[in-house]
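Structure assessment
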Amino acid sequence: MEVVIVPDAKAGGELIAEAIGALLSRKPDALLGVATGSTPLPIYQALAAKVRSGAVDASRARICQLDEYVGLPAGHPESYRSVVLREVVEPLGLSEASFMGPDGSAEDVQAACLAYDKALAEAGGVDLQLLGIGTDGHIGFNEPCSSLASRTRIKTLTEQTRIDNARFFDDDITQVPHHVITQGIGTILESRHPILLATGEGKADAVAQTVEGPVASVVPASALQLHPHATVVVDEAAASKL
Ligand code: GLP
């Protein structure tokens, strides 16, 4: 596992946007797995700026989602589909045709999970998977004690994650769905290059356990230690307990 410490979130975003640009120059139709939450926004802003200036050609990039709420209509502004379209697909000048995600409003959620894993494999696998980290060490929505071999499936959110995410739902926890679809830890480990970005002091404990702790399902992000080419980018605050 490669750990890179940067001064702040903006520098982390710039560094990872450069890595994405380098990938796209080698493989213009690379499949980029994107994460939601506040942490990756500087990556998307830096990448969109590079596209606008002509430094990066993302016109053939393909984008895929990491996870999704169950039960929110696809058009809900906080469905991860809407968030990824708004924060990534549109700013990069891509069309919806270049984007794929699990169907959180499917009648048969189990079938939607299986279909998504199959679609990822048929698309040739994820070339670069961006990840944030929850305060409890979760990646995607793989909460503590998720199987390290898990595939895309339905999960129940912990109370802490629902509290953390209530800020996207008018600070009203009752609006935060209880269930989600998430790529499994096994699915994430199949990506060719997972890159986790963590910023701020609130992530320092989770980062220390991810990087220096044992590989354990209680800290799902620690599974990245098993990947031959995983990168963890942390700002100084998030690195403060390393
Ligand atoms: C949610 C997402 C994760 C994300 C996490 C942290 O749980 N499913 O992918 O990493 O939030 O979000 P933030 O970056 O806002 O702290």
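Residues numbered from 1 in each chain as written. Predicted model: local features only at pLDDT ≥ 70, side-chain atom pairs only at ≥ 80, totals over all residues.

1. A word on the sheet that holds strand S2 (residues 31-34)
Strand order in this open sheet of seven strands is S1-S10-S9-S6-S2-S3-S5, and the pairing throughout is parallel. With partners counted over all chains shown, the strands left at the sheet margins are strand S1 (2-6) and strand S5 (99-100), one partner each. Pairing analysis gives four bridges linking S2 to strand S3 (residues 62-65), with the strands arranged parallel. Of the residues in S3, the one forming a bridge with Gly33 is Cys64. The strands touched by helix H3 (residues 80-89) are S2, S3 and S5; relative to S3, the strand with the most contacts, the crossing angle is about 150 degrees. (Pairing = 2+ DSSP bridges. Helix = DSSP H or I, 4+ residues; strand = E, 2+ residues; numbered from the N terminus. Contact = placed C-beta atoms within 7 Å. Axes fitted to C-alpha atoms, helices over the stretch in contact; angles between N-to-C directions.)

2. Quick word on the UniProt feature "site: Part of the allosteric site" (unreviewed entry) in the protein chain
UniProt records the feature "site: Part of the allosteric site" (unreviewed entry) for Ser146, Arg153, Lys155 and Thr156 in the present numbering. Along the chain, Lys155 turns up in strand S7 (residues 153-156). Position of Thr156 among the secondary structure elements: in strand S7. Thr156 gets classed as partly exposed once you count the C-beta atoms within 10 Å, which come to 13. For Thr156, the contacting residues outside a window of four places in its chain are His178 and His179. (UniProt positions renumbered as here; feature names shortened; annotations may be inferred. Buried ≥ 20, exposed ≤ 12 C-beta atoms within 10 Å, placed from the backbone.)

3. Things to note about unusual backbone geometry
Its identity is not glycine, yet Cys145 carries a phi of approximately 80 degrees, on the positive side. For Cys145, the location among the structural elements is in the loop between strand S6 (128-131) and S7. Unlike most non-glycine residues, Asp171 shows phi in positive territory, near 55 degrees. Note that Asp171 resides in the loop between helix H5 (159-165) and strand S8 (179-182).

4. Observations regarding the sheet that holds S8
If you walk across this open sheet you meet the three strands as S4-S8-S7, and the pairing is antiparallel. Here the strands that pair on one side only, and so sit at the sheet edges, are strand S4 (67-69) and S7. Across the sheet, the mean angle separating the axes of adjacent strands is 30 degrees when strand polarity is ignored. Both S4 and S8 contribute to a ladder of three bridges, which runs antiparallel. Following the sheet pairing, Asp67 is matched in S8 by Thr182. Across the sheet, helix H4 (residues 109-122) lies against S7 and S8, angled at about 125 degrees from S7, the strand it touches most.

5. Comments concerning the pairing of S8
Across four bridges, S7 lies against S8 in antiparallel orientation. Within the sheet, the bridge partner assigned to Thr156 lies in S8 and is His179.

6. Considerations on H3
Among the residues of H3, those classed as buried are Tyr80, Arg81, Val84, Val88 and Val89. End-on view of H3: buried residues confined to an arc of 100 degrees, all on one side of the axis. On its buried side, H3 packs onto S2, helix H2 (41-53), S3, S4 and S5. (Arc of directions from axis to C-beta.)

7. A look at the UniProt feature "domain: Glucosamine/galactosamine-6-phosphate isomerase" (unreviewed entry) in the protein chain
With numbering matched to this structure, UniProt assigns "domain: Glucosamine/galactosamine-6-phosphate isomerase" (unreviewed entry) to residues 10-226. Summarising residues 10-226: 35% helix, 14% strand, and an end-to-end C-alpha distance of 28 Å.

8. Some words on the packing of helix H1 (residues 9-26) against H2
At a minimum axis separation of 7 Å, H1 and H2 run at an interaxial angle of 50 degrees. Overall, the two elements H1 and H2 adopt an arrangement that is oblique. Considering the relative orientation of H1 and H2, their crossing is right-handed. Between H1, through Ala9, Lys10, Gly12, Gly13, Glu14, Ile16, Ala17, Ile20 and Gly21, and H2, the contact on the second element is made entirely by Pro42, Ile43, Gln45, Ala46, Leu47 and Lys50. (Parallel < 35°, antiparallel > 145°, perpendicular 65-115°, else oblique. Left-handed = near helix turned anticlockwise from the far one by under 90°.)

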